[in-house]
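Coordinates in review
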Amino acid sequence: MDEQRFTPADAEFETRVRASFARQTMMRTLGVEIEVVHPGRIELVFAHDERFTQQHGFAHAGSIATALDSACGYAALSLMPAGTAVLTVEYKVNLLRPARADRYRACGWVVRAGRTLTVCSAEATAEGDARPLATMTGTIMTVVGTDLDD
């Protein structure tokens, strides 16, 4: 991943990202937490949980994809003006290898930030192993003038 430098439209972007993330029941249920927030980049971490495995004991693809989706969405939100929210409009996931580790990391970053649509990428890895378990490309829509960010 090429590290890009972005300037957030909202000086309070980190507070807003963390507050929005804290309202996500799904992230709490999966045990996903924010570890790093930078303009255009976020890192989420979570533990392997037997409740979210498939029949072979690997982390279910749905739980990995859910964390990657949030990583993309919050990377995008970090660059948006106050008073806006985000919704995912499309994503593609590539599952590269089975996920069975003690902990996982989902890193999301903005590839191109637009006024209406932001394209992001994300990657999931197992703790202590830089090889990707899964990758995602997502398109995130800016939502203005609604109560979605309340």
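Residues numbered from 1 in each chain as written. Predicted model: local features only at pLDDT ≥ 70, side-chain atom pairs only at ≥ 80, totals over all residues. Heavy atoms only, no water.

**Focus: the environment of Ala 101**
Its place among the elements puts Ala 101 in the loop between strand 3 (84–95) and strand 4 (103–113). A sequence separation of 52 residues divides Ala 101 from Asp 49, and the C-alpha atoms of the two residues are 9.7 Å apart. If sequence neighbours within four positions are ignored, Ala 101 has contacts with His 48 and Ala 126. (Helix = DSSP H or I, 4+ residues; strand = E, 2+ residues; numbered from the N terminus. Contact = heavy atoms within 4.5 Å.)

**A closer look at the pairing of strand 4**
Bridge count for strand 2 (residues 41–47) against strand 4 is 7 bridges, and the pairing is antiparallel. Looking at strand 4, one finds that Ala 47 is bridged to Arg 103. Pairing of strand 4 with strand 5 (residues 117–126) involves 9 bridges; the strand directions are antiparallel. Considered in strand 5, the bridge of Gly 108 is made with Ala 122. Connecting strand 4 to the antiparallel partner strand 5 that follows it, the hairpin turn spans 3 residues. (Pairing = 2+ DSSP bridges.)

**What about the state of the cysteines?**
Under the counting rule described, the total for this entry stands at 0 disulfides. We note that Cys 72 lacks a disulfide partner, and the nearest cysteine sulfur, in Cys 120, lies 5.0 Å from it. Of all cysteine sulfurs, the one in Cys 72 lies closest to Cys 107, which takes part in no disulfide; the gap is 11 Å. (Disulfide = S-S within 2.5 Å.)

Everything listed is a geometric property; what it means functionally is a separate question.
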